[in-house]
Amino acid sequence: MPRRTRLIIFGRQGAGKGTQSKRLAATLGIPHISTGDMLRAAASSGSEFGQQVKLIMDRGELVSDEVMEGVVRERLAQPDAAGGFLLDGYPRTPAQADFLQGLTAPDGIDLAIDLDVAEEIVIGRITRRRVCESCGTIYTVGDESAETGVCARDGGKVVQRADDSEEAVRRRLADYDRQTAPLMAWFADRDRLAIVDGSGPADEVSATLFKVINA
Ligand code: AMP
């Protein structure tokens, strides 16, 4: 019988969730399923569904649990998810967690991982980020292009995104913590939550994640 690897990953913005999710999924040979990526793809496809979703996302709201049920049910039924998956961005509400439990019954989710990086550290990471307005290259304060404001790659203007201001980041993180706390509790109550320190070098974090999953 194939070993089931049904995983969920949580993490604050700036915690390295994107990088670690990709590595982990590749190492385990399971698909990395990001509901945010799926919805963004739908939005840019211009379909009627995508247009509705885009309106909701642009307002910074959550897509309804009912709509998400359809999206997730369909995606997890794909053959590539039969041996497991790494879900990123779902569940976002306790009702979604209940739905997922039913969908994956009787075994349910093997493990939810909280990639934990302290708030002050992620605020530091995000607020030190600069981006070239024309080619999108990311720089960090201290890099020459960030200091001169001129992109080394194409000469474009290097700026801080409005979204990356400390005030905006603090607001987003507070929203995230408020939204995620009940979910962490949901998985902790069922003894399915692992908190992994994500503050070290990326390779170290990957190794720890792998160990925790195999434990
Ligand atoms: P993300 O990239 O995970 O931050 O998702 C981007 C946006 O997609 C969110 O702000 C929501 O509008 C929507 N979204 C993604 N996942 C979910 C979910 N599980 N439930 C509701 N809305 C979601």
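Residues numbered from 1 in each chain as written. Predicted model: local features only at pLDDT ≥ 70, side-chain atom pairs only at ≥ 80, totals over all residues. Heavy atoms only, no water.

Participant: An account of the overall build of the protein is requested, with residue identities and associated values reported.
Facilitator: When helices and strands are tallied, the protein shows 9 helices and 8 strands. Its C-alpha atoms put the protein at 55 × 45 × 30 Å along the principal axes. Looking at the protein as a whole, 40% of its 215 residues are labelled buried. If you take every contact in the protein between residues at least 6 apart in sequence, the share linking residues at least 24 apart comes to 71%. Averaging the coordinates of the 27 positive side-chain charges in the protein and doing the same for the 33 negative ones gives two points 2 Å apart. (Helix = DSSP H or I, 4+ residues; strand = E, 2+ residues; numbered from the N terminus. Buried < 20%, exposed > 50% of the residue type's maximum accessible area, 1.4 Å probe, protein only. Contact = heavy atoms within 4.5 Å. Lys, Arg positive; Asp, Glu negative; His and termini not counted. Charge placed at Lys NZ, Arg CZ, Asp CG, Glu CD.)

Participant: Tell me about the sheet that holds strand E2 (residues 32-34), and name the residues and values.
Facilitator: In spatial order, the strands read E2-E3-E1-E4-E8; together these 5 strands make up an open sheet with parallel pairing. The outermost strands of the open sheet, each flanked by one partner alone, are E2 and strand E8 (193-197). Going from strand to strand, the sheet's axes swing by 25 degrees on average, the running direction of each strand aside. Across 5 bridges, the pairing between strand E1 (residues 5-11) and strand E4 (residues 111-116) is parallel. When the bridges of E4 are listed, Ile 9 appears paired with Ile 113. Where helix H8 (residues 166-189) meets the sheet, its contacts fall on E1, E4 and E8, and the angle it forms with E1 comes to roughly 145 degrees. (Pairing = 2+ DSSP bridges. Axes fitted to C-alpha atoms, helices over the stretch in contact; angles between N-to-C directions.)

Participant: Which residues make up the site of the ligand, and what are the values?
Facilitator: Around the ligand, the structure places 13 residues, and the nearest of them are Thr 35, Arg 40, Glu 61, Gly 89 and Gln 96. Contact distances for the ligand include 2.6 Å between an oxygen atom and a backbone N or O atom of Glu 61. Here a nitrogen atom of the ligand sits 3.1 Å away from a polar atom, N or O, in the main chain of Val 63. Relative to its unbound accessible surface of 470 Å², the ligand loses 81% to contact with the protein. Among the elements that take part in the shell around the ligand, helix H2 (residues 35-45) stands out by supplying 4 residues, more than any other. Taken together, the residues of the shell around the ligand break down into 6 nonpolar, 4 polar and 3 charged. (Near = heavy atom within 4 Å. Polar contact = N/O pair within 3.5 Å; in protein donor to acceptor, adjacent residues only side chain to side chain. Areas by Shrake-Rupley, 256 points an atom, 1.4 Å probe, with all protein chains shown as cover. Nonpolar A, V, L, I, M, F, W, Y, C, P; charged D, E, K, R; others polar.)

Participant: An account of unusual backbone geometry is requested, with residue identities and associated values reported.
Facilitator: For the bond from Tyr 90 to Pro 91, the omega torsion is 0 degrees, close enough to zero to count as cis. Structurally, Pro 91 is set in the loop between strand E3 (84-88) and helix H5 (94-103). Across the junction of Ala 105 and Pro 106, the peptide omega takes the value 5 degrees, indicating a cis bond. Here Pro 106 lies in the loop between H5 and E4.

Participant: Lay out the sheet that holds strand E6 (residues 138-140) in plain terms, naming residues and giving numbers.
Facilitator: Strand order in this open sheet of 3 strands is E6-E5-E7, and the pairing throughout is antiparallel. Of all strands in the sheet, those with a lone pairing partner are E6 and strand E7 (158-159), marking the two edges. Bridge count for strand E5 (residues 129-132) against E7 is 2 bridges, and the pairing is antiparallel. Across the sheet, the residue bridging to Val 131 is Val 159, located in E7.

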